[in-house]
Amino acid sequence: MDSQIDFARVRSYLLNLQQKITASFEQLDAPRFIHDQWQRAPSERLRGDGISCIIEPGGLLESGGVNFSHVSGDTLPSSATSVRPQLAGCRFEALGISLVLHPHNPYCPTVHMNVRLLAATPADADTAPVFWFGGGMDLTPYYGFAEDARHFHRTCRDAVAPFGADLYPRFKQACDEYFFLKHRNEPRGIGGIFYDDFSELGFEAGFKLMQSVGDAFTKAYLPIIKARRHLPFGPNEKAFQAYRRGRYVEFNLVCDRGTLFGLQSGGRTESILMSLPPIAHWRYDWKPEPGSPEAELYNDFLIARDWL
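Just so you know, these numbers come straight off a predicted model, no measurement behind them.

A. Quick peek at the packing of aromatic side chains. Evaluation of the coordinates by the stated rule reveals 21 aromatic pairs. Their ring planes at 75° and their centres at 6.3 Å tell us that Phe131 and Phe203 sit as a pair that is edge-to-face. Taken together, the positions of Phe131 in strand β6 (residues 130–140) and Phe203 in helix α5 (residues 202–228) put the pair 72 residues apart, joining distant regions of the chain. Neither Phe131 nor Phe203 differs from the other in exposure class; each is buried. Taken together, the ring pairs connect Tyr107, Tyr143, Phe145, Phe240, Tyr243 and Trp286 into an aromatic cluster. Lying across the ring of Trp286, Arg283 places its NZ or CZ 4.8 Å from the centre. Sitting over the face of the ring of Trp307, Arg305 holds its NZ or CZ atom 3.8 Å from the ring centroid.

B. Local environment of helix α7 (residues 257–264). Three or more residues of α7 are buried, namely Thr259, Phe261 and Gly262. Projected down its long axis, α7 carries its buried residues within an arc of 160°, all on one side. Just past α7, the residue Gly266 takes up positive phi, approximately 85°.

C. Summary view of the side chain of Thr22. Counting through the fold element by element, Thr22 comes out in helix α1 (residues 7–26). Judged by its relative accessible area of 3%, Thr22 is buried. Within the structure, Thr22 has its side chain in polar contact with the backbone oxygen of Gln19 (distance 3.1 Å). In contact with Thr22, not counting residues within four places along its chain, are Phe33, Cys53 and Val66.

How each quantity is defined
- Residues numbered from 1 in each chain as written.
- Predicted model: local features only at pLDDT ≥ 70, side-chain atom pairs only at ≥ 80, totals over all residues.
- Heavy atoms only, no water.
- Phe/Tyr/Trp six-rings, centres within 6.5 Å; stacked < 30°, edge-to-face > 60°.
- Helix = DSSP H or I, 4+ residues; strand = E, 2+ residues; numbered from the N terminus.
- Buried < 20%, exposed > 50% of the residue type's maximum accessible area, 1.4 Å probe, protein only.
- Lys NZ or Arg CZ within 6 Å of the ring centre and 35° of its normal.
- Arc of directions from axis to C-beta.
- Polar contact = N/O pair within 3.5 Å; in protein donor to acceptor, adjacent residues only side chain to side chain.
- Contact = heavy atoms within 4.5 Å.

Function cannot be inferred from these measures alone, as they are strictly geometric.
This is the structure we're talking about:
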């Protein structure tokens, strides 16, 4: 299996992907993204550069970001070595795209997608760098539509199918398990696919998998928001959206390893926390009214199930 890591090719692909994704939303009459290009000083603990493409406030999209970063550091943070303790203290290099989009209409789901490559260099000069890919996408609806869930999961399945028939079931289960609020005993949304510490295909095939997942994002998400963006809603739906967004905040701040990696490694806080929604509410021990559309979300969608 090949092990040559070509960061330049991965970087070129990711920058192109970022441009394609932001352009696809701007074509839907959303306001243009703000492009914030940044660079860390060589003397800093975390070195590198990136482009944060941010939209706030918007029309179709109430807030969100499509962020590219390419950084390196002298010591892997603990969030990256919890399953690889032998790499503690290693130098590292990481690059990827991370996006979260929060639509204004409560009938349009929030979406997250991430594709990344990370390599660690052991202190032993004779030992080759260790690398792995990670990524995936998941959907967080406020009001559930079975046809949307099926479309999203089928697109995820088709994206990874060329690389092994076993990948979608594995990645779906990993997604269901990862995007789960243990302190609430509930899923964040309807899942999708998620993989991490993935190097079993080698660099070339692993890079092709990254491209397939990244390229599938707009195919998975755009048809859903095009179908739901003009559905009428009122204060009740916006209030429920804000309540469920509170769960999104809880997951990202309490559970998400990507958030922890960025903060522990000295990453750019503004870019890391762009995933948080602009408005979120909490209500004490609130329960939806039985038989309501809000109750349907809990009963029929916030459960691990086969959407194919």
